[in-house]
Amino acid sequence: MKKGIFKKLFITYGVTIILGFGILALVLMKLFSQYFIDSKKDLLLEYGQKITQDIAIGIYAGRLDRQTLNEDLKVLDKFLDARIWIIDKEGTIFGVSGTNEEQYLGQKVDGTRLGVLYRGRNIIETGNFGSKFKEPVLTVGYPIFYESEFEGGVFIHAAMPGIQKTFRDVYNMTVLAIVFSGLLAYGILYFQIKRISVPLGEISKAARVISGGEFQKRLEIKTGDEIEELAESFNDMAESLEKIEENRRNFIANISHDLRSPMTSIRGFVGGIMDGTIPSDMQQHYLGIVMDECQRLIKMTNGLLELNNIQQGRVEANKTNFELNELIRRKLINFEKNITMKNLDVLLNFYDDTTIVNADKAMMERVITNLLDNAVKFTGEKGSISLKTREEKNKVIVEITNTGVSINKNELKTMWERFHKGDSTRGVYKSGFGLGLAIVKEMIILQNEEIWADSDHDYVRLSFTVGKGK
Ligand SMILES: Nc1ncnc2c1ncn2[C@@H]1O[C@H](COP(=O)(O)OP(=O)(O)O)[C@@H](O)[C@H]1O
Ligand SMILES: [Mg+2]
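By the naming in an unreviewed UniProt entry, the protein goes by histidine kinase and is assigned to Lutispora saccharofermentans. Recorded under Catalytic activity (unreviewed entry), the UniProt text for the protein is reproduced unchanged: "ATP + protein L-histidine = ADP + protein N-phospho-L-histidine." Its UniProt record gives the protein the following Subcellular location (unreviewed entry) comment, quoted word for word: "Cell membrane".

Draft legend 1. Representation of the overall build of the protein. Broken down by element type, the protein carries eleven helices and twelve strands. Taking 2.2 N^0.38 as the reference for a compact globule, 470 residues should give roughly 23 Å; the C-alpha atoms of the protein span a radius of gyration of 54 Å, well beyond that estimate. On the principal axes, the C-alpha backbone points of the protein span a range of 160 × 60 × 35 Å. Within the protein, contacts between residues separated by at least 24 positions form 66% of all contacts whose residues are at least 6 apart in sequence. As presented, the protein carries roughly 28000 Å² of accessible surface, and 55% of it is formed by carbon and sulfur atoms.

Draft legend 2. View of the packing of helix α9 (residues 361-378) against helix α11 (residues 436-446). It is the contact of α9 with α11, at a shortest axis distance of 9 Å, that shows an interaxial angle of 145°. Every pair of crossing elements has a handedness; the one defined by α9 and α11 is left-handed. For the pair formed by α9 and α11, the contact residues are M363, R366, V367, N370, L371 and N374 on the first element and G436, L437, I439, V440, M443, I444 and L446 on the second. Class assignment of the residues belonging to the contact of α9 with α11 gives a composition of nine nonpolar, three polar and one charged.

Definitions and cut-offs
- Residues numbered from 1 in each chain as written.
- Chains lettered and ligands numbered in written order.
- Predicted model: local features only at pLDDT ≥ 70, side-chain atom pairs only at ≥ 80, totals over all residues.
- Heavy atoms only, no water.
- UniProt positions renumbered as here; feature names shortened; annotations may be inferred.
- Helix = DSSP H or I, 4+ residues; strand = E, 2+ residues; numbered from the N terminus.
- Rg over C-alpha atoms; globule rule 2.2 N^0.38 Å.
- Contact = heavy atoms within 4.5 Å.
- Areas by Shrake-Rupley, 256 points an atom, 1.4 Å probe, with all protein chains shown as cover.
- Axes fitted to C-alpha atoms, helices over the stretch in contact; angles between N-to-C directions.
- Left-handed = near helix turned anticlockwise from the far one by under 90°.
- Nonpolar A, V, L, I, M, F, W, Y, C, P; charged D, E, K, R; others polar.

Dropping the structure here:
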(Lines give C-alpha, C1' and ligand atoms only; values in the text may rest on other atoms or scores of the structure.)
(Ligands and ions follow the chains in the order given, each with its own letter.)
Protein backbone atom coordinates (compact mmCIF):
# COMPACT_ATOMS: atom_id res chain seq x y z
CA MET A 1 0.00 0.00 0.00
CA LYS A 2 1.38 3.37 -0.96
CA LYS A 3 1.49 5.74 1.98
CA GLY A 4 0.54 8.57 -0.38
CA ILE A 5 -2.85 9.68 0.87
CA PHE A 6 -1.88 9.82 4.51
CA LYS A 7 1.32 11.72 3.81
CA LYS A 8 -0.36 14.16 1.45
CA LEU A 9 -3.28 14.98 3.73
CA PHE A 10 -1.03 15.17 6.77
CA ILE A 11 1.39 17.57 5.12
CA THR A 12 -1.33 19.70 3.54
CA TYR A 13 -3.33 20.05 6.72
CA GLY A 14 -0.17 20.41 8.78
CA VAL A 15 1.12 23.27 6.65
CA THR A 16 -2.31 24.90 6.75
CA ILE A 17 -2.47 24.67 10.52
CA ILE A 18 1.08 25.94 11.04
CA LEU A 19 0.63 28.79 8.55
CA GLY A 20 -2.74 29.70 10.04
CA PHE A 21 -1.55 29.74 13.60
CA GLY A 22 1.74 31.37 12.62
CA ILE A 23 0.01 34.26 10.91
CA LEU A 24 -2.39 34.55 13.83
CA ALA A 25 0.55 34.66 16.25
CA LEU A 26 2.35 37.34 14.22
CA VAL A 27 -0.76 39.50 13.97
CA LEU A 28 -1.48 39.11 17.67
CA MET A 29 2.13 39.96 18.54
CA LYS A 30 2.08 43.09 16.43
CA LEU A 31 -1.26 44.12 17.91
CA PHE A 32 -0.10 43.50 21.45
CA SER A 33 3.15 45.39 21.10
CA GLN A 34 1.36 48.27 19.43
CA TYR A 35 -1.21 48.27 22.15
CA PHE A 36 1.28 48.25 25.00
CA ILE A 37 3.52 50.95 23.59
CA ASP A 38 0.56 53.06 22.53
CA SER A 39 -1.19 52.85 25.86
CA LYS A 40 2.03 53.69 27.71
CA LYS A 41 2.65 56.57 25.33
CA ASP A 42 -0.88 57.90 25.86
CA LEU A 43 -0.39 57.68 29.59
CA LEU A 44 2.91 59.54 29.41
CA LEU A 45 1.47 62.23 27.13
CA GLU A 46 -1.46 62.78 29.44
CA TYR A 47 0.76 63.14 32.48
CA GLY A 48 3.27 65.19 30.57
CA GLN A 49 0.57 67.75 30.00
CA LYS A 50 -0.51 67.68 33.64
CA ILE A 51 3.04 68.10 34.87
CA THR A 52 3.64 70.95 32.49
CA GLN A 53 0.56 72.79 33.55
CA ASP A 54 0.29 72.08 37.26
CA ILE A 55 3.84 71.73 38.39
CA ALA A 56 6.39 73.22 36.04
CA ILE A 57 4.45 76.36 35.32
CA GLY A 58 3.86 76.71 39.07
CA ILE A 59 7.58 77.31 39.42
CA TYR A 60 7.64 80.15 36.94
CA ALA A 61 4.56 81.65 38.51
CA GLY A 62 6.39 81.44 41.84
CA ARG A 63 3.76 79.16 43.36
CA LEU A 64 6.06 76.15 43.74
CA ASP A 65 9.51 75.85 45.19
CA ARG A 66 12.07 73.35 43.87
CA GLN A 67 11.93 71.17 46.99
CA THR A 68 8.20 70.55 46.60
CA LEU A 69 8.67 70.07 42.86
CA ASN A 70 11.16 67.25 43.42
CA GLU A 71 8.82 65.60 45.96
CA ASP A 72 5.96 65.75 43.51
CA LEU A 73 8.10 64.35 40.69
CA LYS A 74 9.16 61.47 42.94
CA VAL A 75 5.51 60.47 43.54
CA LEU A 76 4.74 60.65 39.85
CA ASP A 77 7.84 58.61 39.05
CA LYS A 78 6.51 55.75 41.22
CA PHE A 79 3.04 56.07 39.79
CA LEU A 80 4.06 56.10 36.14
CA ASP A 81 7.12 53.88 36.55
CA ALA A 82 8.95 56.56 34.54
CA ARG A 83 11.78 59.05 35.01
CA ILE A 84 10.87 62.74 34.80
CA TRP A 85 13.19 65.59 33.92
CA ILE A 86 12.52 69.31 33.88
CA ILE A 87 14.75 71.54 31.72
CA ASP A 88 15.15 75.29 31.44
CA LYS A 89 15.12 77.32 28.25
CA GLU A 90 18.82 76.60 27.65
CA GLY A 91 18.17 72.84 27.85
CA THR A 92 19.84 72.34 31.22
CA ILE A 93 18.23 69.68 33.41
CA PHE A 94 17.31 71.23 36.74
CA GLY A 95 14.67 68.92 38.13
CA VAL A 96 14.66 65.10 38.29
CA SER A 97 12.28 62.60 39.79
CA GLY A 98 14.70 60.32 41.66
CA THR A 99 17.94 60.36 43.65
CA ASN A 100 19.70 58.08 41.18
CA GLU A 101 18.69 60.57 38.49
CA GLU A 102 20.65 63.33 40.13
CA GLN A 103 23.67 62.51 37.96
CA TYR A 104 21.75 64.17 35.13
CA LEU A 105 21.27 67.46 36.97
CA GLY A 106 23.10 70.25 35.21
CA GLN A 107 23.53 68.22 32.01
CA LYS A 108 22.20 69.66 28.76
CA VAL A 109 19.63 68.29 26.37
CA ASP A 110 20.88 68.55 22.79
CA GLY A 111 19.91 71.45 20.57
CA THR A 112 17.76 69.56 18.10
CA ARG A 113 15.36 68.33 20.74
CA LEU A 114 15.34 71.74 22.43
CA GLY A 115 14.55 73.28 19.03
CA VAL A 116 11.52 71.07 18.64
CA LEU A 117 10.21 72.10 22.03
CA TYR A 118 11.03 75.72 21.31
CA ARG A 119 8.73 75.56 18.29
CA GLY A 120 5.99 74.37 20.67
CA ARG A 121 5.91 70.76 19.52
CA ASN A 122 5.82 67.54 21.54
CA ILE A 123 8.48 64.88 21.29
CA ILE A 124 7.64 61.19 21.15
CA GLU A 125 10.53 58.80 20.62
CA THR A 126 11.96 55.43 21.49
CA GLY A 127 15.68 54.74 21.86
CA ASN A 128 18.53 55.72 24.18
CA PHE A 129 17.68 59.44 24.19
CA GLY A 130 20.99 60.54 22.69
CA SER A 131 22.91 57.76 24.53
CA LYS A 132 21.93 59.20 27.91
CA PHE A 133 20.44 55.77 28.83
CA LYS A 134 21.92 52.29 28.50
CA GLU A 135 18.52 50.62 28.09
CA PRO A 136 16.04 51.77 25.44
CA VAL A 137 13.31 54.08 26.70
CA LEU A 138 10.04 55.52 25.46
CA THR A 139 10.32 59.28 25.79
CA VAL A 140 7.64 61.94 25.75
CA GLY A 141 8.69 65.61 25.75
CA TYR A 142 6.56 68.69 26.40
CA PRO A 143 7.46 72.34 26.02
CA ILE A 144 6.72 74.81 28.82
CA PHE A 145 5.49 78.25 27.88
CA TYR A 146 4.81 80.90 30.47
CA GLU A 147 3.10 84.08 29.36
CA SER A 148 3.92 83.18 25.72
CA GLU A 149 7.61 82.88 26.59
CA PHE A 150 9.47 79.59 26.04
CA GLU A 151 10.68 78.55 29.48
CA GLY A 152 11.92 74.97 28.92
CA GLY A 153 10.28 71.56 28.97
CA VAL A 154 9.42 68.28 30.64
CA PHE A 155 10.76 64.88 29.58
CA ILE A 156 9.25 61.61 30.76
CA HIS A 157 11.19 58.41 30.08
CA ALA A 158 9.56 55.01 30.53
CA ALA A 159 11.97 52.08 30.44
CA MET A 160 11.23 49.85 27.44
CA PRO A 161 12.16 46.66 29.30
CA GLY A 162 9.25 47.35 31.62
CA ILE A 163 6.89 47.64 28.69
CA GLN A 164 8.51 44.71 26.98
CA LYS A 165 8.18 42.49 30.01
CA THR A 166 4.41 42.95 30.22
CA PHE A 167 4.26 42.40 26.52
CA ARG A 168 6.41 39.28 26.74
CA ASP A 169 4.16 37.75 29.39
CA VAL A 170 1.10 38.15 27.22
CA TYR A 171 3.06 37.05 24.19
CA ASN A 172 4.28 33.88 25.92
CA MET A 173 0.74 33.03 26.96
CA THR A 174 -0.47 33.51 23.39
CA VAL A 175 2.29 31.42 21.88
CA LEU A 176 1.68 28.70 24.46
CA ALA A 177 -2.03 28.67 23.65
CA ILE A 178 -1.30 28.54 19.93
CA VAL A 179 1.26 25.76 20.23
CA PHE A 180 -1.07 23.78 22.47
CA SER A 181 -4.11 24.15 20.19
CA GLY A 182 -1.89 23.44 17.18
CA LEU A 183 -0.69 20.20 18.73
CA LEU A 184 -4.26 19.29 19.62
CA ALA A 185 -5.44 20.02 16.09
CA TYR A 186 -2.60 17.96 14.70
CA GLY A 187 -3.46 15.07 17.01
CA ILE A 188 -7.12 15.10 15.99
CA LEU A 189 -6.03 15.41 12.37
CA TYR A 190 -3.79 12.38 12.71
CA PHE A 191 -6.65 10.17 13.85
CA GLN A 192 -9.08 11.60 11.31
CA ILE A 193 -6.69 10.91 8.45
CA LYS A 194 -5.97 7.44 9.80
CA ARG A 195 -9.71 6.82 9.82
CA ILE A 196 -9.71 7.47 6.08
CA SER A 197 -6.41 6.01 5.00
CA VAL A 198 -6.57 2.74 6.95
CA PRO A 199 -9.91 1.55 5.49
CA LEU A 200 -8.85 2.77 2.04
CA GLY A 201 -5.77 0.61 2.40
CA GLU A 202 -7.97 -2.33 3.35
CA ILE A 203 -10.20 -1.78 0.35
CA SER A 204 -7.27 -1.63 -2.00
CA LYS A 205 -5.82 -4.79 -0.47
CA ALA A 206 -9.15 -6.57 -0.89
CA ALA A 207 -9.38 -5.37 -4.49
CA ARG A 208 -6.01 -6.93 -5.16
CA VAL A 209 -7.11 -10.21 -3.57
CA ILE A 210 -10.22 -10.22 -5.75
CA SER A 211 -8.36 -9.39 -8.93
CA GLY A 212 -6.20 -12.39 -8.06
CA GLY A 213 -9.34 -14.53 -8.43
CA GLU A 214 -10.45 -14.94 -4.79
CA PHE A 215 -14.00 -13.69 -5.21
CA GLN A 216 -15.20 -14.69 -1.75
CA LYS A 217 -13.23 -11.83 -0.09
CA ARG A 218 -15.49 -9.36 1.77
CA LEU A 219 -14.81 -6.13 3.69
CA GLU A 220 -15.87 -5.39 7.26
CA ILE A 221 -15.73 -1.60 7.54
CA LYS A 222 -18.03 0.27 9.93
CA THR A 223 -17.01 3.92 9.78
CA GLY A 224 -20.56 5.20 9.27
CA ASP A 225 -19.57 7.44 6.36
CA GLU A 226 -18.86 7.37 2.62
CA ILE A 227 -16.01 4.94 3.18
CA GLU A 228 -18.44 2.43 4.64
CA GLU A 229 -20.66 3.05 1.62
CA LEU A 230 -17.71 2.40 -0.64
CA ALA A 231 -16.94 -0.83 1.21
CA GLU A 232 -20.56 -1.90 0.84
CA SER A 233 -20.51 -1.22 -2.90
CA PHE A 234 -17.26 -3.10 -3.03
CA ASN A 235 -18.87 -6.10 -1.30
CA ASP A 236 -21.80 -5.96 -3.72
CA MET A 237 -19.35 -5.95 -6.59
CA ALA A 238 -17.47 -8.91 -5.11
CA GLU A 239 -20.74 -10.77 -4.75
CA SER A 240 -21.68 -10.08 -8.37
CA LEU A 241 -18.25 -11.23 -9.49
CA GLU A 242 -18.59 -14.37 -7.42
CA LYS A 243 -21.97 -15.03 -8.98
CA ILE A 244 -20.68 -14.41 -12.50
CA GLU A 245 -17.80 -16.71 -11.84
CA GLU A 246 -20.14 -19.39 -10.52
CA ASN A 247 -22.39 -18.96 -13.58
CA ARG A 248 -19.42 -19.25 -15.85
CA ARG A 249 -18.32 -22.48 -14.16
CA ASN A 250 -21.83 -23.91 -14.30
CA PHE A 251 -22.17 -22.86 -17.91
CA ILE A 252 -19.02 -24.65 -18.91
CA ALA A 253 -19.92 -27.72 -16.86
CA ASN A 254 -23.42 -27.82 -18.38
CA ILE A 255 -22.31 -27.28 -21.94
CA SER A 256 -19.57 -29.90 -21.66
CA HIS A 257 -22.01 -32.36 -20.18
CA ASP A 258 -24.61 -31.71 -22.86
CA LEU A 259 -22.05 -31.98 -25.64
CA ARG A 260 -20.43 -35.12 -24.38
CA SER A 261 -23.37 -37.56 -24.52
CA PRO A 262 -24.41 -36.92 -28.13
CA MET A 263 -20.74 -36.78 -29.23
CA THR A 264 -20.05 -40.09 -27.49
CA SER A 265 -22.97 -41.82 -29.15
CA ILE A 266 -22.08 -40.34 -32.57
CA ARG A 267 -18.50 -41.58 -32.20
CA GLY A 268 -19.75 -45.01 -31.06
CA PHE A 269 -22.10 -45.51 -33.99
CA VAL A 270 -19.80 -44.09 -36.67
CA GLY A 271 -16.90 -46.17 -35.24
CA GLY A 272 -19.09 -49.28 -35.28
CA ILE A 273 -20.00 -48.70 -38.91
CA MET A 274 -16.38 -48.04 -39.89
CA ASP A 275 -14.91 -51.13 -38.24
CA GLY A 276 -17.80 -53.35 -39.29
CA THR A 277 -19.12 -54.09 -35.76
CA ILE A 278 -22.45 -52.79 -37.00
CA PRO A 279 -23.68 -55.02 -39.85
CA SER A 280 -24.48 -53.23 -43.09
CA ASP A 281 -28.22 -53.89 -42.89
CA MET A 282 -28.28 -52.00 -39.55
CA GLN A 283 -26.12 -49.12 -40.72
CA GLN A 284 -29.04 -47.12 -42.08
CA HIS A 285 -30.77 -47.29 -38.68
CA TYR A 286 -27.72 -46.12 -36.75
CA LEU A 287 -26.92 -43.37 -39.21
CA GLY A 288 -30.46 -42.16 -38.55
CA ILE A 289 -29.62 -41.91 -34.83
CA VAL A 290 -26.38 -40.09 -35.67
CA MET A 291 -28.37 -37.68 -37.80
CA ASP A 292 -30.81 -37.05 -34.90
CA GLU A 293 -27.96 -36.36 -32.52
CA CYS A 294 -26.36 -33.93 -34.97
CA GLN A 295 -29.73 -32.21 -35.34
CA ARG A 296 -29.93 -31.89 -31.54
CA LEU A 297 -26.45 -30.42 -31.34
CA ILE A 298 -27.28 -27.87 -34.01
CA LYS A 299 -30.45 -26.99 -32.14
CA MET A 300 -28.53 -26.43 -28.93
CA THR A 301 -25.88 -24.28 -30.59
CA ASN A 302 -28.57 -22.21 -32.26
CA GLY A 303 -30.41 -21.83 -28.99
CA LEU A 304 -27.23 -20.64 -27.25
CA LEU A 305 -26.43 -18.20 -30.01
CA GLU A 306 -29.96 -16.88 -29.94
CA LEU A 307 -29.84 -16.39 -26.17
CA ASN A 308 -26.49 -14.71 -26.41
CA ASN A 309 -27.71 -12.35 -29.12
CA ILE A 310 -30.69 -11.29 -27.06
CA GLN A 311 -28.67 -10.87 -23.88
CA GLN A 312 -26.08 -8.77 -25.68
CA GLY A 313 -28.85 -6.46 -26.87
CA ARG A 314 -28.41 -7.34 -30.53
CA VAL A 315 -32.06 -8.27 -31.04
CA GLU A 316 -34.88 -5.75 -31.12
CA ALA A 317 -38.58 -6.37 -30.79
CA ASN A 318 -40.30 -5.39 -34.02
CA LYS A 319 -43.94 -5.00 -33.04
CA THR A 320 -46.80 -5.26 -35.55
CA ASN A 321 -50.53 -5.87 -35.33
CA PHE A 322 -51.71 -9.41 -36.08
CA GLU A 323 -54.38 -11.93 -35.19
CA LEU A 324 -53.37 -14.16 -32.30
CA ASN A 325 -56.00 -16.99 -32.40
CA GLU A 326 -54.93 -18.03 -35.87
CA LEU A 327 -51.29 -18.06 -34.89
CA ILE A 328 -51.98 -20.28 -31.89
CA ARG A 329 -54.00 -22.71 -34.02
CA ARG A 330 -51.25 -22.95 -36.61
CA LYS A 331 -48.57 -23.61 -34.00
CA LEU A 332 -50.75 -26.27 -32.42
CA ILE A 333 -51.07 -28.10 -35.73
CA ASN A 334 -47.27 -28.47 -35.83
CA PHE A 335 -47.52 -30.67 -32.73
CA GLU A 336 -50.36 -32.79 -34.09
CA LYS A 337 -48.19 -35.86 -34.58
CA ASN A 338 -46.92 -35.93 -30.97
CA ILE A 339 -50.37 -35.06 -29.62
CA THR A 340 -52.06 -38.00 -31.33
CA MET A 341 -49.14 -40.26 -30.46
CA LYS A 342 -49.54 -39.48 -26.73
CA ASN A 343 -53.30 -39.45 -26.98
CA LEU A 344 -53.59 -35.97 -25.48
CA ASP A 345 -56.79 -34.00 -25.03
CA VAL A 346 -56.49 -30.45 -26.35
CA LEU A 347 -58.77 -27.61 -25.25
CA LEU A 348 -58.88 -24.25 -27.00
CA ASN A 349 -60.67 -21.38 -25.34
CA PHE A 350 -60.43 -17.86 -26.87
CA TYR A 351 -62.25 -14.98 -25.22
CA ASP A 352 -63.09 -13.52 -28.63
CA ASP A 353 -63.37 -14.78 -32.19
CA THR A 354 -60.56 -12.58 -33.36
CA THR A 355 -57.89 -11.16 -31.09
CA ILE A 356 -55.68 -8.48 -32.63
CA VAL A 357 -52.45 -8.08 -30.67
CA ASN A 358 -49.43 -5.84 -31.01
CA ALA A 359 -46.20 -7.79 -30.68
CA ASP A 360 -43.14 -9.11 -32.50
CA LYS A 361 -44.76 -11.87 -34.53
CA ALA A 362 -41.68 -14.06 -34.99
CA MET A 363 -40.94 -13.91 -31.26
CA MET A 364 -44.57 -14.69 -30.45
CA GLU A 365 -44.38 -17.79 -32.66
CA ARG A 366 -41.19 -18.83 -30.93
CA VAL A 367 -42.65 -18.30 -27.45
CA ILE A 368 -45.79 -20.30 -28.20
CA THR A 369 -43.79 -23.06 -29.90
CA ASN A 370 -41.43 -23.42 -26.94
CA LEU A 371 -44.27 -23.44 -24.40
CA LEU A 372 -46.32 -25.92 -26.42
CA ASP A 373 -43.24 -28.07 -26.89
CA ASN A 374 -42.82 -28.27 -23.11
CA ALA A 375 -46.53 -28.88 -22.51
CA VAL A 376 -46.62 -31.73 -25.00
CA LYS A 377 -43.29 -33.11 -23.86
CA PHE A 378 -43.99 -33.11 -20.12
CA THR A 379 -47.63 -34.28 -20.16
CA GLY A 380 -48.13 -38.00 -19.58
CA GLU A 381 -50.13 -40.23 -21.93
CA LYS A 382 -53.84 -39.42 -22.08
CA GLY A 383 -53.26 -36.15 -20.29
CA SER A 384 -54.68 -32.87 -21.45
CA ILE A 385 -53.41 -29.52 -22.66
CA SER A 386 -55.45 -26.34 -22.61
CA LEU A 387 -54.79 -23.09 -24.43
CA LYS A 388 -56.76 -20.13 -23.20
CA THR A 389 -56.81 -16.40 -23.84
CA ARG A 390 -58.38 -13.80 -21.60
CA GLU A 391 -58.48 -10.06 -21.25
CA GLU A 392 -57.15 -8.16 -18.27
CA LYS A 393 -56.29 -4.48 -17.80
CA ASN A 394 -56.06 -3.78 -21.52
CA LYS A 395 -53.79 -6.79 -22.05
CA VAL A 396 -54.35 -10.19 -23.56
CA ILE A 397 -53.24 -13.02 -21.31
CA VAL A 398 -52.35 -16.36 -22.86
CA GLU A 399 -52.40 -19.41 -20.59
CA ILE A 400 -50.98 -22.78 -21.56
CA THR A 401 -51.84 -25.49 -19.05
CA ASN A 402 -50.88 -29.14 -19.03
CA THR A 403 -52.01 -31.83 -16.59
CA GLY A 404 -50.51 -34.74 -14.78
CA VAL A 405 -47.25 -33.02 -13.78
CA SER A 406 -46.18 -30.50 -11.18
CA ILE A 407 -43.29 -28.16 -10.52
CA ASN A 408 -42.33 -27.35 -6.93
CA LYS A 409 -42.08 -23.79 -5.62
CA ASN A 410 -38.31 -23.69 -5.82
CA GLU A 411 -38.18 -24.83 -9.38
CA LEU A 412 -40.85 -22.34 -10.43
CA LYS A 413 -38.15 -19.74 -9.79
CA THR A 414 -35.11 -21.52 -11.22
CA MET A 415 -36.62 -23.12 -14.32
CA TRP A 416 -36.07 -19.90 -16.31
CA GLU A 417 -32.30 -20.17 -16.08
CA ARG A 418 -30.43 -21.51 -19.08
CA PHE A 419 -29.55 -25.22 -18.88
CA HIS A 420 -32.08 -25.69 -16.13
CA LYS A 421 -33.78 -29.03 -16.48
CA GLY A 422 -36.20 -30.26 -13.89
CA ASP A 423 -34.77 -33.03 -11.71
CA SER A 424 -37.69 -35.30 -12.45
CA THR A 425 -37.36 -34.71 -16.19
CA ARG A 426 -33.56 -34.80 -16.52
CA GLY A 427 -32.38 -37.73 -18.60
CA VAL A 428 -35.89 -38.96 -19.18
CA TYR A 429 -36.60 -36.42 -21.93
CA LYS A 430 -33.34 -36.41 -23.74
CA SER A 431 -34.42 -33.94 -26.34
CA GLY A 432 -34.18 -30.81 -24.12
CA PHE A 433 -31.19 -28.68 -23.16
CA GLY A 434 -33.00 -26.42 -20.75
CA LEU A 435 -32.71 -23.39 -23.03
CA GLY A 436 -36.36 -23.13 -24.11
CA LEU A 437 -37.73 -21.15 -21.15
CA ALA A 438 -34.64 -18.96 -20.93
CA ILE A 439 -35.21 -17.85 -24.54
CA VAL A 440 -38.94 -17.41 -23.94
CA LYS A 441 -38.32 -15.21 -20.92
CA GLU A 442 -35.80 -13.02 -22.74
CA MET A 443 -38.20 -12.54 -25.64
CA ILE A 444 -41.08 -11.62 -23.36
CA ILE A 445 -38.92 -9.12 -21.47
CA LEU A 446 -37.72 -7.65 -24.75
CA GLN A 447 -41.33 -6.83 -25.60
CA ASN A 448 -41.95 -5.33 -22.14
CA GLU A 449 -44.40 -8.08 -21.29
CA GLU A 450 -44.58 -10.48 -18.36
CA ILE A 451 -44.47 -14.24 -17.97
CA TRP A 452 -45.08 -16.39 -14.93
CA ALA A 453 -45.73 -19.99 -14.01
CA ASP A 454 -47.91 -21.66 -11.42
CA SER A 455 -48.41 -25.26 -10.54
CA ASP A 456 -50.26 -27.57 -8.22
CA HIS A 457 -49.94 -31.28 -7.68
CA ASP A 458 -51.50 -32.16 -11.07
CA TYR A 459 -50.99 -29.23 -13.42
CA VAL A 460 -48.47 -26.74 -14.71
CA ARG A 461 -49.61 -23.43 -16.15
CA LEU A 462 -47.52 -20.84 -17.96
CA SER A 463 -49.13 -17.44 -18.56
CA PHE A 464 -47.86 -14.40 -20.41
CA THR A 465 -49.18 -11.01 -21.42
CA VAL A 466 -49.44 -9.62 -24.94
CA GLY A 467 -50.19 -6.01 -25.83
CA LYS A 468 -53.55 -5.37 -27.52
CA GLY A 469 -53.53 -4.19 -31.10
CA LYS A 470 -56.03 -2.24 -33.21
N1 LIG B 1 -45.16 -27.41 -19.17
C2 LIG B 1 -44.28 -27.92 -18.30
N3 LIG B 1 -44.61 -28.97 -17.51
C4 LIG B 1 -43.74 -29.49 -16.65
N5 LIG B 1 -42.49 -29.05 -16.49
C6 LIG B 1 -42.08 -28.02 -17.23
C7 LIG B 1 -42.95 -27.40 -18.17
N8 LIG B 1 -42.27 -26.40 -18.79
C9 LIG B 1 -41.05 -26.40 -18.24
N10 LIG B 1 -40.91 -27.38 -17.33
C11 LIG B 1 -39.71 -27.66 -16.52
O12 LIG B 1 -38.79 -26.61 -16.75
C13 LIG B 1 -37.56 -27.09 -17.27
C14 LIG B 1 -36.99 -26.10 -18.24
O15 LIG B 1 -37.74 -25.99 -19.40
P16 LIG B 1 -37.03 -25.59 -20.74
O17 LIG B 1 -36.26 -24.38 -20.49
O18 LIG B 1 -38.05 -25.51 -21.84
O19 LIG B 1 -36.01 -26.75 -21.00
P20 LIG B 1 -36.20 -28.17 -21.74
O21 LIG B 1 -37.53 -28.17 -22.39
O22 LIG B 1 -35.07 -28.22 -22.70
O23 LIG B 1 -36.08 -29.17 -20.64
C24 LIG B 1 -37.93 -28.39 -17.88
O25 LIG B 1 -36.84 -29.29 -17.92
C26 LIG B 1 -39.02 -28.88 -16.96
O27 LIG B 1 -38.46 -29.52 -15.84
MG1 LIG C 1 -38.36 -26.72 -23.58
